[in-house]
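Inside the fold
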Amino acid sequence: MAFRNGLDSLLRPDDSVLVLIDHQPYQLANLNSHDPHMVVNNTTALAKSAKVFGVPTILTSVIAERGGVIFPQVTDVFPGQAVIDRTFINTWEDPKAVDAVKATGRKQLIIAGLWTEICVAMPAIQAAGEGWDVTVITDASGGTSVEAHEVAIQRMIRAGVNVMTWLALAAEWQRDWARLDTATGLTEVLKQHAAGSGIAYLWEQQLLATPVPKAVG
């Protein structure tokens with residue numbers, strides 16, 4: 001297996017395309033690898049980060065008529081954007097979804113979805129085998145059990161898939177806080193979705209705005 005290292009291996013906003021797969025009520029109902037609230041939060045943060053960095057995002061569901069529509073926390077990030085509804089379990093066998101990805105002209109394919117062992121693993125492994133640079137965001141994905149999620153991650157790594165968390169991805173896209181065109185937007189995402197880090201940032205701002213007490217005596 002070729003090692004993934006060097007500057008060129010890092011993810012870049014202008015080369016990335018994000019595919020969010022099956023973040024739907026049916027899948028969430030049997031999500032047992034993570035706290036469901038955390039997965040909804042992280043997926044929303046991932047979607048918002050993609051929007052901050054101008055990363056094209058493909059939304060896709062499977063038989064939404066029965067499984068439910070994608071969480072509004074995600075679709076609200078992209079108002080008016082059509083969701084590609086499939087019958088294929090494997091997104092990478094659905095021509096509409098694949099054509100939408102190819103139309104972006106990007107080669108760094110980023111995937112998150114429910115469930116990890118099925119609807120994430122199959123397209124990630126197939127796309128990697130076809131020469132795509134594939135990254136799976138593990139904390140915006142989840143499986144039917146901890147074992148199912150972790151075994152799927154091991155399987156994908158063996159197939160050459162890169163794995164990251166949403167915050168690591170956002171930091172890699174930002175790369176330099178001097179990039180002010182995205183720093184402000186990313187900071188807003190951190191405040192809303194990065195839990196302790198977001199609260200610590202707000203606290204820092206509070207302290208910076210607090211006048212220094214005058215010396216007594």
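Calculation rules
Residues numbered from 1 in each chain as written. Predicted model: local features only at pLDDT ≥ 70, side-chain atom pairs only at ≥ 80, totals over all residues. Heavy atoms only, no water. Helix = DSSP H or I, 4+ residues; strand = E, 2+ residues; numbered from the N terminus. Rg over C-alpha atoms; globule rule 2.2 N^0.38 Å. Buried < 20%, exposed > 50% of the residue type's maximum accessible area, 1.4 Å probe, protein only. Contact = heavy atoms within 4.5 Å. Areas by Shrake-Rupley, 256 points an atom, 1.4 Å probe, with all protein chains shown as cover. Axes fitted to C-alpha atoms, helices over the stretch in contact; angles between N-to-C directions. Parallel < 35°, antiparallel > 145°, perpendicular 65-115°, else oblique. Nonpolar A, V, L, I, M, F, W, Y, C, P; charged D, E, K, R; others polar. Core = buried A, V, L, I, M, F, W, Y, C linked by side-chain atoms within 4.5 Å. Pairing = 2+ DSSP bridges.

For the chain, the name recorded in an unreviewed UniProt entry is Hydrolase, with Methylorubrum podarium as its organism.

This paragraph deals with the overall build of the chain. For the chain, the helix and strand inventory stands at ten helices and six strands. Over its C-alpha trace the chain gives a radius of gyration of 19 Å, about what one expects of a compact globule, namely 17 Å for 217 residues. Along the three orthogonal principal directions, the C-alpha set of the chain runs to about 75 × 40 × 35 Å. For the chain, the proportion of its 217 residues judged to be buried stands at 47%. A fraction of 78% describes how many contacts in the chain between residues 6 or more apart in sequence connect residues 24 or more apart. As displayed, the chain has an accessible area near 11100 Å², and 59% of this comes from carbon and sulfur atoms.

In this section: the packing of helix H6 (residues 116–129) against helix H7 (residues 146–158). Between H6 and H7, the least distance of the axes is 9 Å, while the angle of their chain directions is 10 degrees. Of the possible angle classes, the one that applies to H6 and H7 is roughly parallel. Residues Thr116, Glu117, Val120, Ala121, Ala124 and Ile125 of H6 touch H7, and the partners they reach there are Ala148, His149, Ala152, Ile153, Arg155 and Met156. Of the residues belonging to the contact of H6 with H7, the class tally is eight nonpolar, two polar and two charged.

So, about the nonpolar core. With 27 residues, the main nonpolar core has Leu20, Leu46, Ile137, Trp166, Leu169 and Trp173 as its most contacted residues. Every element with two or more residues in this core is listed here: strand E1 (16–21), helix H2 (36–52), strand E4 (108–113), helix H8 (166–174) and helix H9 (180–193). In this view, leucine 20 contacts Thr43, Leu46, Ala47, Thr57, Ile58, Leu59, Thr60, Val74 and Ala112; residues no more than four positions away in its chain are not counted. Judged by nonpolar contacts, the second largest core, of 24 residues, contains Val17, Val98, Ala127 and Val161.

Two modes of strand pairing occur in sheets, parallel and antiparallel, and in both the strands are linked by backbone hydrogen bonds. Strand order across the open sheet formed by six strands is E3-E2-E1-E4-E5-E6, with parallel pairing between neighbours. Unpaired on one side and paired on the other, strand E3 (84–86) and strand E6 (162–164) mark the two borders of the sheet. Averaged over neighbouring strand pairs, the angle between their axes works out to 25 degrees when direction is ignored. With three bridges joining them, strand E2 (residues 57–62) and E3 adopt parallel strand pairing. Within the sheet, the bridge partner assigned to valine 62 lies in E3 and is arginine 86.

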